[in-house]
Amino acid sequence: MQQPNQQPLYRVTGQLPRGFQGHIAYTTLLPEDLRALRIVFTFDKREPQQDLEALHRDCLAAAAKNGVPVEGEFSGPLAQRLCAMPKGEINLSVFLNGACVGSAHRNQLEKRVILAADGSSEGFVSCRPAGSVRVVLHVLNVLNDDTNYSLCLEGVYE
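Predicted model, so just to flag it, every value in this text is computed and none were measured.

Peer 1: What's the story with the overall build of the protein chain in this structure? I'm lost.
Peer 2: A count of helical and extended segments in the protein chain gives 2 helices and 8 strands. Order of helices (α) and strands (β) in the protein chain, N terminus to C terminus: β-β-β-α-α-β-β-β-β-β. A buried classification covers 39% of the 158 residues belonging to the protein chain. In the protein chain, the proportion of contacts linking residues at least 24 apart, taken out of those at least 6 apart, comes to 76%.

Put into structure tokens, the structure is as follows:
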């Protein structure tokens, strides 16, 4: 539930296709009178929803496409280990006025970050949120089609 001294500042939603890898950046200006900034990022479909044998074949095809030899040692236990534990993960970093103030590299579907002069979330510098903020989503791998995500920034006022 939103507190009386909180106000939504920025909200975006999106959908990613299976196999997407890359970075997505969102930038906005912050109001001058913020006491803290709350960032909430969520995504769904972290676990693979397709047939695991098909996922294994796709993994080997991707390895071959990227120059990894799929014959010999790689095709044995190493390939089984790499392809048996697919990682669908999206992390985020936050920049204030061009300077990185922290990153949330946790394998969770929801990441909550608070930036404040009197104490920020673990992995983030305690700072007064002012100026421009840039949130960068680090999409390591999307395992499923139509993977939804949302990013919400809320201002906390005195």
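This is not the end of the story, as more comes after the structure.
Peer 1: What exactly am I supposed to notice about the confidence of the model for the protein chain here?
Peer 2: A low pLDDT means the predicted coordinates there should not be read in detail. Of the residues in the protein chain, 82% reach a pLDDT of 70 or more, and the chain-wide mean stands at 86. The weakest mean pLDDT in the protein chain belongs to helix α2 (residues 77-84) at 66; the strongest belongs to strand β2 (residues 22-29) at 97.

Peer 1: Whenever I open this one, the nonpolar core confuses me. Can you help?
Peer 2: Across soluble globular proteins, you tend to see nonpolar side chains buried next to one another. One finds Leu92 and Leu137 to be the most contacted residues of the largest nonpolar core, which totals 29 residues. Taken together, the elements giving at least two residues each to this core come down to β1 (6-16), β2, β3 (34-43), β4 (89-96), β5 (99-104), β6 (110-116), β7 (132-141) and β8 (147-157). Look past the residues within four positions of leucine 92 in its chain and what remains in contact with it is Phe41, Ser103, Ala104, Lys111, Val113, Phe124, Val135, Val136, Leu137 and His138.

Peer 1: Sorry if this is basic, but what is going on with the sheet that holds β4 here?
Peer 2: Hydrogen bonds between backbone groups are what pair the strands of a sheet, and the pairing can be parallel or antiparallel. The antiparallel open sheet is built from 4 strands, whose spatial order is β2-β7-β4-β5. Edge strands, defined here as strands with exactly one partner in the open sheet, are β2 and β5. Averaged over neighbouring strand pairs, the angle between their axes works out to 20° when direction is ignored. Pairing between β4 and β5: 5 bridges, direction antiparallel. For valine 94, the partnering residue across the bridge sits in β5 and is glycine 102.

Peer 1: Is there a simple way to explain unusual backbone geometry in this structure?
Peer 2: Glycine aside, residues mostly have negative phi angles, and peptide bonds mostly take the trans form. Although it is not a glycine, asparagine 97 adopts a positive phi angle of roughly 50°. Tracing the sequence through the fold places asparagine 97 in the loop between β4 and β5. The class for asparagine 97 is exposed, based on a relative accessible area of 53%.

Peer 1: So what exactly am I meant to see when it comes to a negative patch on the surface here?
Peer 2: Residues Glu32, Asp33, Asp118 and Glu158 make up a contiguous surface patch of negative charge. Structurally, glutamate 158 can be placed in the segment after β8.

Peer 1: For this particular structure, what's the right way to read the side chain of glutamine 6?
Peer 2: Here glutamine 6 is to be found in strand β1. At 3.1 Å, the side chain of glutamine 6 and the side chain of arginine 38 are in polar contact. Within the local environment of glutamine 6, its side chain forms a polar contact with the side chain of glutamate 154, the two groups lying 2.8 Å apart.

Rules of the game
- Residues numbered from 1 in each chain as written.
- Predicted model: local features only at pLDDT ≥ 70, side-chain atom pairs only at ≥ 80, totals over all residues.
- Heavy atoms only, no water.
- Helix = DSSP H or I, 4+ residues; strand = E, 2+ residues; numbered from the N terminus.
- Buried < 20%, exposed > 50% of the residue type's maximum accessible area, 1.4 Å probe, protein only.
- Contact = heavy atoms within 4.5 Å.
- pLDDT = per-residue confidence, 0-100.
- Core = buried A, V, L, I, M, F, W, Y, C linked by side-chain atoms within 4.5 Å.
- Pairing = 2+ DSSP bridges.
- Axes fitted to C-alpha atoms, helices over the stretch in contact; angles between N-to-C directions.
- Patch = residues over 30% accessible without salt bridge, like charges linked within 9 Å, V, L, I, M, F, W, Y side chains within 5 Å.
- Areas by Shrake-Rupley, 256 points an atom, 1.4 Å probe, with all protein chains shown as cover.
- Salt bridge = Lys/Arg side-chain N within 4 Å of Asp/Glu carboxyl O.
- Lys, Arg positive; Asp, Glu negative; His and termini not counted.
- Charge placed at Lys NZ, Arg CZ, Asp CG, Glu CD.
- Polar contact = N/O pair within 3.5 Å; in protein donor to acceptor, adjacent residues only side chain to side chain.

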